[in-house]
Amino acid sequence: SLWVDVPNSMYDPEIGNQLYNRYLQEMVLADSLGYDGLIVNEHHNTQYSMNPAPNITAAALIPQTEGRINVFGTPPNFEYPNRLAEEYAMLDVMSGGRLDVAFPLGTGMEYWSNSVNPATARARFRESLDIMLKCWTEPGPQSYNGEFYNYRYLNPWPRPMQQPHPPAYIVGTGSPETIELARRAQRIVRQNL
């Protein structure tokens, strides 16, 4: 519970400003030293990483770097998956095709901080991935009618520079359910190639 119940009244924006700037400078330095890629992640309602929007961090790094930008990652079941697909496509285009993405299911603590029912999290995650892959691999406009998301016009702009989409990974702790989900997602990706 230390992740989500430390009072945010303890946060000092002046120190936060210094830490964010230092973090970005360290990432730019790592890129200049020849690291293969830079990884930014996401967590919510916690002092750990203080990065609730890694896409903003990635956008700040793109014009200052030359290596891969890895957003590892935003749980798509906490977002609107069509918007996340568009944001990733935008970052891929902005970076000239240097984006990699990973999809986590999210930590247990973050379900206490978001309005996603943990009992439906995996089903919502699978549906989110399906939508994102459709956004990247199938021409629009199309419709999508699912259990959690319905789109009359699924027609994302922009489309990613890397085709059929940026390299994408499913991250997790290795539970049998997550491994099976990654296997099924890989099969869907191969069918769309």
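Predicted, not measured: the structure shown is a model, and the values here were computed from it. (Residues numbered from 1 in each chain as written. Predicted model: local features only at pLDDT ≥ 70, side-chain atom pairs only at ≥ 80, totals over all residues. Heavy atoms only, no water.)

This part covers the pattern of salt bridges. What the rule picks out here adds up to four salt bridges. When the shortest N-O distance is used, the salt bridge between Arg68 and Asp100 registers 2.3 Å. In this pair, Arg68 sits in strand β2 (residues 68-72) while Asp100 sits in strand β3 (residues 99-104), placing the two residues 32 residues apart along the sequence. In this structure Arg68 comes out as partly exposed when scored by relative accessible area, which is 26%. (Salt bridge = Lys/Arg side-chain N within 4 Å of Asp/Glu carboxyl O. Helix = DSSP H or I, 4+ residues; strand = E, 2+ residues; numbered from the N terminus. Buried < 20%, exposed > 50% of the residue type's maximum accessible area, 1.4 Å probe, protein only.)

A word on the environment of Glu127. Structurally, Glu127 can be placed in helix α5 (residues 121-137). For Glu127 and Phe148, which are 21 residues apart along the polypeptide, the C-alpha to C-alpha distance reads 7.5 Å. Not counting residues up to four positions away in its chain, the partners in contact with Glu127 are Tyr144, Gly146, Glu147, Phe148 and Tyr149. A polar contact is formed between the side chain of Glu127 and the backbone nitrogen of Glu147, at a distance of 2.9 Å. (Contact = heavy atoms within 4.5 Å. Polar contact = N/O pair within 3.5 Å; in protein donor to acceptor, adjacent residues only side chain to side chain.)

On to the sheet that holds strand β1 (residues 37-40), then. The strand order across the open sheet formed by four strands is β1-β2-β3-β6, and the pairing between neighbours is parallel. Only two strands of the sheet have a single neighbouring strand rather than two, namely β1 and β6 (168-171). If you compare each strand with its neighbour and ignore which way they point, the axes differ by 20° on average. Across four bridges, β1 lies against β2 in parallel orientation. (Pairing = 2+ DSSP bridges. Axes fitted to C-alpha atoms, helices over the stretch in contact; angles between N-to-C directions.)

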